[in-house]
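# Remarks on the overall topology
Spelled out from the first residue to the last, the chains are:
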Amino acid sequence: NAQAVRQRIADSPRPINNVKMYGGLTHGGSYAEGLRRMWRNALGGMASARFHRPGEWTDAGPPWGAGLSEDAQAYIRTTRYIMEEVLGWPNIEPDLSFAEIVVDPKGRVRLEKTHLVYTRDADGTARFYMNGEPVSEATIGGDLSSWDAGMRLGLASEMNGERPWQGTFHDVAIYNRALTAEEVADHNAAGRPEHLDGLQARYAFDEGDGTVIHDGSGQTPALDLHIGNADAVEWVDGGLDVRNSTIIATDGPAERLTAAMQDSNAFTLEAWITPATLEQSGPARIVTVSQDNSHRNATLGQMDNLYQVRLRTTVTSGNGLPGLETGVAADGSIGAARSTDGNRAAIFVTHGMLLNVDADALESDLEAEWFDPRTADWHDAIPTADGYYQPPSSEDWVLILR
């Protein structure tokens, strides 16, 4: 990284350049990660940086780099603005000593029975709840007219058998409206769905045997699920335990479900589950309306110690990205710099991670604001009761102190 290079040439300082920032489907981790490198490189003290050309774009993004996409142009503009107009370049110094990421355990996967609810209302506000409590929120724009009526509804794997999930299903419900926070709390307290308005699919896993999981929503046609390999599962008290890879899905496309979501432009996916292990990734498919690894309408999955929902809209990709997670992935990162006199500082933080700032390392009485690197909008930054700074959403943000 930039700081390691700076240390290596400390005895003979010279400009550091990054002439080719990868970030795509096949190079550099991801498109989002490629964009983040612009901020980390600038705050890290590099003299120049540029995005690699994108290659041929797909629905899921470019293979190589951000190029001069709208996102890349926005990041170039906002990086230059903060570096020059706010921090006062070149009188700044890269410094990670006054800021650190605080890992919030609230949204982490636990190997116990867990109530998960994802809601997305018609205005695009998406919320993730765990055990009745909100853990993340984001705006997922567009509408659901892009949902593909040819996709099946399934559990515990992708429709091609890949991305398997292991654990116990206790209850699953899907609605064509967004449950309210009060309704989510009621369901969590009751241990089952209580408010049934808009219910489109419901699986109570109370069959006890057999290879059919019946849809109890009362809607027609029923979206019954069929277990492909009976030896991979075991009916247990209070649910279905999936122990090995198998396809559990509707026989045909879930056309009724797709039509209901498109009519309302709203969506709730609710599940009571018990994961078998933290080592499940891909994300491992828990509940999915999809075709294969990269085409879906909606998916609830497990990413090791986090949960994620991918939702297809006219704004997100055909893979439902960007998704919304219950917390922050372990690969979250920061970049930080301060003015040489200590009266201005900037901290770039990914994934909406919680920040701890050592105020003693800076001048006293500095005011904090959140800066959106995508839009250049400003937001209030008020410390939590513990003195930490929580970004406005689970996206990437810049904390400015001055």
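In short, a report on the structure. As the structure is a computational prediction, the values presented were derived from the model and not from experiment.

Parameters at a glance
- Residues numbered from 1 in each chain as written.
- Predicted model: local features only at pLDDT ≥ 70, side-chain atom pairs only at ≥ 80, totals over all residues.
- Heavy atoms only, no water.
- Helix = DSSP H or I, 4+ residues; strand = E, 2+ residues; numbered from the N terminus.
- Rg over C-alpha atoms; globule rule 2.2 N^0.38 Å.
- Buried < 20%, exposed > 50% of the residue type's maximum accessible area, 1.4 Å probe, protein only.
- Areas by Shrake-Rupley, 256 points an atom, 1.4 Å probe, with all protein chains shown as cover.
- Lys, Arg positive; Asp, Glu negative; His and termini not counted.
- Charge placed at Lys NZ, Arg CZ, Asp CG, Glu CD.
- Salt bridge = Lys/Arg side-chain N within 4 Å of Asp/Glu carboxyl O.
- Pairing = 2+ DSSP bridges.
- Core = buried A, V, L, I, M, F, W, Y, C linked by side-chain atoms within 4.5 Å.
- Contact = heavy atoms within 4.5 Å.
- Polar contact = N/O pair within 3.5 Å; in protein donor to acceptor, adjacent residues only side chain to side chain.
- Phe/Tyr/Trp six-rings, centres within 6.5 Å; stacked < 30°, edge-to-face > 60°.
- Axes fitted to C-alpha atoms, helices over the stretch in contact; angles between N-to-C directions.
- Arc of directions from axis to C-beta.

### Let's talk about the overall build of the protein chain
Scanning the protein chain for helices and strands turns up five helices and 26 strands. The C-alpha radius of gyration computed for the protein chain amounts to 23 Å, which stays within 12% of the reference 21 Å derived for 402 residues, consistent with globular compactness. Among the 402 residues that make up the protein chain, the fraction classed as buried is 52%. Looking at the protein chain as shown, the accessible area adds up to about 17,700 Å², and 45% of this sits on carbon and sulfur atoms. Across the protein chain, the mean location of the 32 positive side-chain charges is 8 Å away from that of the 58 negative side-chain charges.

### Focus: the pattern of salt bridges
Throughout the structure, instances matching the rule amount to 21 salt bridges. In this structure, arginine 192 engages glutamate 194 in a salt bridge whose closest nitrogen and oxygen atoms are separated by 3.4 Å. Take glutamate 194: its relative accessible area is 40%, and that puts it in the partly exposed class. Notably, a salt bridge pairs arginine 256 with aspartate 215, separated by 3.3 Å at the nearest N-O pair. Of this pair, arginine 256 sits in helix H5 (residues 255-264) while aspartate 215 is found in the loop between strand E11 (212-213) and strand E12 (225-227), placing the two residues 41 residues apart along the sequence. The exposure classification of arginine 256 matches that of aspartate 215, with both residues buried. Connected via shared salt-bridge partners are Glu33, Arg36, Arg37, Arg40 and Asp396.

### Here we look at the pairing of strand E7 (residues 133-139)
As judged from the six bridges shared by strand E6 (residues 125-130) and E7, these two strands associate in the antiparallel manner. Residue pairing across strands places threonine 125 opposite threonine 139, the latter belonging to E7. In textbook terms, the turn of a hairpin is the stretch between consecutive antiparallel strands, and for E6 and E7 this stretch comprises two residues, one of which, asparagine 131, has a positive phi near 50 degrees.

### Examining the sheet that holds E12
Reading across from one edge, E11-E12-E15-E8-E17-E18-E19-E20 is the order of the eight strands in this open sheet, with antiparallel pairing throughout. If you trace the sheet from one side to the other, it starts and ends with E11 and strand E20 (324-325), each paired once. With four bridges joining them, strand E8 (residues 152-155) and strand E17 (residues 284-292) adopt antiparallel strand pairing. Paired with glycine 154 across the bridge in E17 is threonine 288.

### A word on the nonpolar core
Grouped together as the largest cluster of nonpolar side chains are 49 residues, with contacts concentrated most on Leu153, Phe169, Ile213, Ile248 and Phe267. Discounting chain neighbours no more than four positions away, the residues touching phenylalanine 169 are Leu155, Ala156, Phe205, Gly238, Gly239, Leu240, Val242, Trp272, Ile273, Ile286 and Val287. With 22 residues, the next largest nonpolar core counts Leu87, Ala337, Phe348 and Ile400 among its residues.

### Structural notes on the environment of histidine 195
Position of histidine 195 among the secondary structure elements: in the loop between helix H4 (181-190) and strand E10 (199-203). Once the C-alpha coordinates of histidine 195 and asparagine 356 are considered, the two residues, 161 residues apart in sequence, prove to be 40 Å apart. In contact with histidine 195, not counting residues within four places along its chain, are Tyr175, Arg177, Leu179, Glu183, Asp186 and His187. Of note is the side chain of histidine 195, whose polar atom sits 2.9 Å from the side chain of aspartate 186.

### Some points on the packing of aromatic side chains
Within this structure, the stated rule accounts for eight aromatic pairs. A centroid spacing of 5.8 Å and a plane angle of 80 degrees characterise the contact between tyrosine 118 and phenylalanine 128, whose relative ring orientation is edge-to-face. You can see tyrosine 118 sitting in strand E5 (residues 114-120) and its partner phenylalanine 128 sitting in strand E6, a full 10 residues away along the chain. The exposure class of tyrosine 118 is buried, given its relative accessible area of 2%. Following the ring pairs from residue to residue traces out a cluster consisting of Tyr118, Phe128, Trp147 and Phe267.

### Brief notes about the environment of valine 349
As for its placement among the helices and strands, valine 349 is situated in strand E22 (residues 345-349). Taking the C-alpha atoms as reference, valine 349 lies 4.4 Å from isoleucine 334; in sequence the two are 15 residues apart. Those residues in contact with valine 349, other than ones at most four positions away along the chain, are Ser333, Ile334, Leu355, Trp370, Pro391, Glu395, Asp396 and Trp397.

### Description of the sheet that holds strand E26 (residues 397-401)
In spatial order, the strands read E3-E21-E22-E26-E24-E25; together these six strands make up an open sheet with antiparallel pairing. Edge positions in the sheet fall to strand E3 (92-94) and strand E25 (378-380), since each of these pairs with one other strand and no more. Taking each pair of neighbouring strands and ignoring which way they run, the sheet shows an average axis angle of 25 degrees. In this fold helix H2 (residues 31-43) packs onto E3, strand E21 (334-339), E22, strand E24 (368-371) and E26, with an angle of close to 150 degrees to the strand it touches most, E22. Sitting on the sheet, helix H3 (residues 70-86) is in contact with E3, E22, E24, E25 and E26, with an inclination near 155 degrees to E24.

### Considering H4
Inspection of H4 places Glu183, Val184 and His187 among the buried residues, and these make up the whole buried set. Down the axis, H4 shows its buried residues gathered within 100 degrees of arc, on one side only. Across H4 from its buried face, at more than 90 degrees, point the exposed residues Glu182 and Ala189. Residues of H4 that are buried in the fold lie against E5, E6, strand E9 (167-175) and strand E16 (267-275).

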